[in-house]
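Listed below, chain by chain, are the residues.
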Amino acid sequence: MHQKKILAGALGCLILCSQPAGYLAAVPQTQTIENQTQNQAENQNAAEEAAGTEAVRPWDLAADYNDPDYVKRLIQEEHGQEEGAAPFALNSVEALTTKSPYTGLVYTHAPQLSDSSIVNGIDVSKWQADIDWKKVKAAGVKFVFIRCGYTSLSQKFAMYEDEYFRQNIQGAYDAGIQVGVYFFSNSKTVSEAKQEALKTLELIDDYSDMITLPVVYDFEAFSNAYRAYGLPKAQVTKNMDAYAQIVQDAGYTPMYYGSPSFLNSSFDVAALSNYDCWLANYTTKTSYTGDYTYWQYSSTGQVNGIAGNVDCNFYYSYDGSVYDPVEEDPDDIDESVGPVTGLAMADHSMTDITIEWEPAEEADGYKIFRSKSYGGTYKQIRVLNGNEITEYTDASVMESEGRQYYYKVVPFVLDEDNNLRYGVESGILTAYTQRLHAFRLKTKTNLNLREQAGTEYASTGVVPAGTGLPFYKFTLSADDKKWYKVTYTKNGVSHTGYLSGSYVDIYTYGNAVKNVNMRSGAGLSYKVQRIVPAGTKVTIVSQKTDASGTKWSRIKYTLKGKGYTGYIPSKYIRQI
C-alpha cells in the first residue's frame, strides 16, 4: 500500500505539472463520501450474490504498473479525477439537462446535441473485475465500451489482451446491452498503431456480430510514466488515422477518445473530422465546443451489479441503434439563414461518400441528414460546429458499388440569447458509392420502369421479360427493397428509371488473368480450395475488402461440368 501511494503521488505530480491548467482540477460533487461508500458496499454484495463468494472484486486484483488503465486510476485516486470546466464559450448554454442515475447529478448538454436521444452507458476494463451484467442492464445501462486490450507502459512495445474482455463482452451481449470496444494505445509510430489495430481485430474477431458501436483508439499519455509521453500532435494524429483506416476497412466504425485539453494538445481534430469523437470531461457542463458523439462525464459512477466506481457516458443517438431516433421537424425556421449552395458529391469510394457545399455566412454550424431512400425519413448523422467546415465524409455507408444515398444540409445559428435556431434546409442531394465493375441484370418478367424506387412512383414504360441491361446504381425503396437504375432504349428513344430487384437476376463476368488460388474466405488466412486456371470465365457475385486493404471477389465458375464457389483477389480478374 505504501508503494502504491508513493507511485500515485509521483505520477500525479508529473501529470499536474505537464498538462494545461485545469486538466485535473477537482470539480465539487454533491454526492457525499458516505453515500459512495454505501453504494460500493451494496454493489459488492450484489456481485457476491450473483457469483457466489468466488466473485473477484476490483480491490482483489493485483497491482499492474505496466497497465495504463491501472496507472490512470492511481492518478485519479490521488488527485481527484474530475476535470475542471473552463468558462463557457458561446456554444455552451443550458439547452437541455438530464439527471444521471449513476452519479445523482444534473448534466447540461450542448445545444447542438440537445435534440438527440440521450442514452446512458458505461465503459469497463479488468479493473471492474467480475460484473453482474443482468443487474447492470436492469439498472438502465443501454450500452458499454469494453477494453479489449492495451499497449504496455514498458518502453519495449508490447500488447496484451484485457484478461476480462471475453467475459465482459459475452456477459454484456447476453444481457442485451449494446457493445463497443476500445484499445488503450501507447503507440509511438504509425507502424505500432497499425499493429495495435491488427491486434484489436484479432481480439474481437470471434465477437464481430456482437459489436454494434465504434471501435475506439484510446490514446492517453499524460505523464512520463507513459511510453508515448510527449509525442508530437502530428504524429498522434497520423497514428490515429492509421489505426482507424484498418478498423474501418474491416467493417467497424472507428472513434478516438480524449479530454478537451488532450484533444487540443495532442490531436489535430480538424484532420480527424471524418471520425467520431468520444469526449472525456468530468464535469456537469462541458465547455468543449468541438464535435463529439459520446461524453464520458464521470469516473465515479455507481451502477448496481458493479463493485466500486465505473466510468459513465452519454451517447447522443440519432439513428436509433441504441434508442428510439428523434425525427427532425423543427417548427421555428430562420429564413434569413440558408439554404446552402453548391451542395454536391465531392468524392466517393466503395466505403464512403464525401459531400461538400458553400459556406453560409450567417451559420454557426451545419447538421447533416441522410435517407436510405428517395422518399424516406431523413435522420441526422452529423453535427459540424462553425461554418468553416463545409465538407463531410460519410463513412457509415454500406460497402457497395453504386448504392445511392440521399442527403440534406441544414444550417443552424445561435442567437444573442444562445438559443439554437434552424436555417432553411437544402434540396436533396443524390450521391452514391463508387462503381468499379460493370454489373448487368436480366428481367425475369415484364417490368414497369419507375421514375423513382418504389411502386408508388409513375411508370415510364415496360421492359420486356428476358431483357439484359447494364445497371449503374441501385437504391432502396421506402420498404427496404432493392431497385436498380437502368437506361432502356426502345425505337430509338431512351428512358432512364428504376427496376424492382425482386424480378431481376444480377451478374457480372470476368476472366482469370493467371492461375490463382481460390480460398474459402476473403483473406490469405483462409484455406486454399483449388487453383482457378488462367482464362477461366467466372461470374462475380460480390466483393469484400480484408483487414490489409486487399479487395477480394466471391466468384462462381464451372469447369468440366462441375460448379465451384470461392474467393480470389479482385486484381486477378479482367472484366468482360
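All values derive from a computational prediction rather than experimental measurement.

Peer 1: Help me get a handle on the overall build of the protein, residues and values and all.
Peer 2: Scanning the protein from N- to C-terminus turns up 8 helices and 34 strands. Taking all 576 residues of the protein together, 52% fall into the buried category. Across the protein, the fraction of contacts at a sequence separation of at least 24, relative to all contacts at a separation of at least 6, is 65%. Total accessible area on the protein is roughly 24,900 Å²; 47% of this is exposed by carbon and sulfur atoms.

Peer 1: Give a description of the sheet that holds strand β20 (residues 440–443) that names residues and reports values.
Peer 2: Within the open sheet, the 3 strands sit side by side as β23-β20-β27. Their pairing is antiparallel. Both edges of this open sheet fall to β23 (468–470) and β27 (504–507), since each of them pairs with a single strand only. The mean inter-strand angle of the sheet, taken between neighbouring strand axes irrespective of direction, is 25°. Inspection of the sheet shows β20 paired to β23 by 3 bridges, in the antiparallel sense. Across the sheet, R440 pairs through a bridge with P470, a residue of β23.

Peer 1: Account for the packing of aromatic side chains, naming residues and giving values.
Peer 2: By convention here, two paired aromatic rings are described through the distance between centres and the angle between planes. If you walk through the whole model with that rule in mind, you get 30 aromatic pairs. When the ring of Y107 is compared with that of F314, the centres are 5.6 Å apart and the planes differ by 70°; the resulting orientation is edge-to-face. Taken together, the positions of Y107 in strand β2 (residues 106–109) and F314 in strand β11 (residues 310–317) put the pair 207 residues apart, joining distant regions of the chain. The class of F314 is buried, set by a relative accessible area of 1%. Judged by centre distance (6.3 Å) and plane angle (75°), the ring pair of Y182 and W278 falls under edge-to-face. Placement of Y182 in strand β6 (residues 178–185) and of W278 in strand β9 (residues 276–280) is noted, with a sequence separation of 96 residues between them.

Peer 1: Lay out unusual backbone geometry with the relevant residues and their values.
Peer 2: Following G338, the chain continues to P339 via a peptide bond in cis, the omega torsion being 0°. Secondary-structure assignment places P339 in the loop between β11 and β12 (344–348). At D480, a residue that is not glycine, the phi angle is positive and equals roughly 70°. In this fold, D480 is placed in the loop between β24 (473–476) and β25 (482–490). The class for D480 is partly exposed, based on a relative accessible area of 43%. For N491, which is not a glycine, the phi torsion comes out positive at approximately 55°. Tracing the chain through its elements places N491 in the loop between β25 and β26 (493–500).

Peer 1: Now, about the environment of N387: what can you tell me, with residues and values included?
Peer 2: As for its placement among the helices and strands, N387 is situated in the loop between β15 (379–385) and β16 (391–394). Judged by its relative accessible area of 24%, N387 falls in the partly exposed class. Between the C-alpha atoms of N387 and A363, which are 24 residues apart in sequence, the distance is 5.8 Å. Among all residues touching N387, those that are not within four sequence positions of it are P359, A360, E361, A363, D364 and Y366. Side-chain polar atoms of N387 contact the backbone oxygen of A360, separated by 3.4 Å. A distance of 3.5 Å separates a polar side-chain atom of N387 from the backbone oxygen of E361.

Peer 1: Which residues make up the environment of F471, and what are the values?
Peer 2: Examined against the element boundaries, F471 turns out to sit in the loop between β23 and β24. Linking F471 and L499, residues 28 residues apart in sequence, is a C-alpha distance of 9.8 Å. What F471 contacts, discounting residues up to four positions off in sequence, is R435, F439, R440, L441, Y484, K485, V486 and I506.

Peer 1: So what about the pattern of salt bridges? Which residues, and what values?
Peer 2: Under the criterion given, the structure shown has 12 salt bridges. The partner of D276 in a salt bridge is R382, with the nearest N and O atoms 2.6 Å apart. With D276 in strand β9 and R382 in strand β15, the pair connects residues that are 106 residues apart, well separated along the chain. Classification of R382 as buried rests on a relative accessible area of 8%. A single salt-bridge network, built from bridges that share partners, covers D67, R147 and D162.

Peer 1: Any chance you could break down the pairing of β15 for me, citing the residues and the numbers?
Peer 2: Counted residue by residue, β15 has 5 buried out of 7 residues, so it is predominantly covered. Here strand β14 (residues 365–371) pairs with β15 via 6 bridges, running antiparallel. Among the inter-strand pairings, Y366 is bridged to a residue of β15, identified as L384.

Peer 1: Residues and numbers for helix α7 (residues 233–249), please.
Peer 2: The end-to-end C-alpha distance of α7 is 24 Å, a good match for the 24 Å that 17 residues give at a rise of 1.5 Å each. Listed as buried for α7 are V236, T237, N239, M240, A242, Y243, A244, I246, V247 and Q248. On its buried face, α7 sits against β6, α6 (190–204), β7 (211–219), β8 (254–258) and α8 (260–266). With its phi angle positive at about 100°, G251 sits one or two positions after the end of α7.

Peer 1: Would you mind going over the sheet that holds β16 in detail, with residue names and values included?
Peer 2: Sheet architecture is open: 3 strands sit in the order β12-β13-β16, paired in antiparallel fashion. Of all strands in the sheet, those with a lone pairing partner are β12 and β16, marking the two edges. Within the sheet, the average angular offset between the axes of one strand and its neighbour, ignoring direction, is 25°. Sheet topology places β12 next to strand β13 (residues 353–356); 4 bridges connect them, and they run antiparallel. Along β13, the bridge assignment pairs M345 with I355.

Peer 1: Give a description of the confidence of the model for the protein that names residues and reports values.
Peer 2: Of all residues in the protein, 84% have pLDDT values of 70 or greater, and the mean over the chain is 81. Here residues 81–94 scores under 50 on pLDDT; set against residues more than four positions off or in separate chains, the count is 56 contacts. Every residue in residues 320–328 scores below 50 in pLDDT, and together they form 30 contacts with partners more than four places removed in sequence or on other chains.

Peer 1: Tell me about the nonpolar core, and name the residues and values.
Peer 2: With 68 residues, the main nonpolar core has I122 and W133 as its most contacted residues. Examining the composition of this core, we find that 6 residues originate from one element, α7, more than from any other. Ignoring anything within four residues of it in the chain, the contact list for W133 reads I122, V124, V144, Q167, N168, G171, A172, A175 and I177. Judged by nonpolar contacts, the second largest core, of 17 residues, contains A363, I368, Y392 and A431.

Thresholds applied
- Residues numbered from 1 in each chain as written.
- Predicted model: local features only at pLDDT ≥ 70, side-chain atom pairs only at ≥ 80, totals over all residues.
- Heavy atoms only, no water.
- Helix = DSSP H or I, 4+ residues; strand = E, 2+ residues; numbered from the N terminus.
- Buried < 20%, exposed > 50% of the residue type's maximum accessible area, 1.4 Å probe, protein only.
- Contact = heavy atoms within 4.5 Å.
- Areas by Shrake-Rupley, 256 points an atom, 1.4 Å probe, with all protein chains shown as cover.
- Pairing = 2+ DSSP bridges.
- Axes fitted to C-alpha atoms, helices over the stretch in contact; angles between N-to-C directions.
- Phe/Tyr/Trp six-rings, centres within 6.5 Å; stacked < 30°, edge-to-face > 60°.
- Polar contact = N/O pair within 3.5 Å; in protein donor to acceptor, adjacent residues only side chain to side chain.
- Salt bridge = Lys/Arg side-chain N within 4 Å of Asp/Glu carboxyl O.
- Expected span 1.5 Å × (residues − 1).
- pLDDT = per-residue confidence, 0-100.
- Core = buried A, V, L, I, M, F, W, Y, C linked by side-chain atoms within 4.5 Å.

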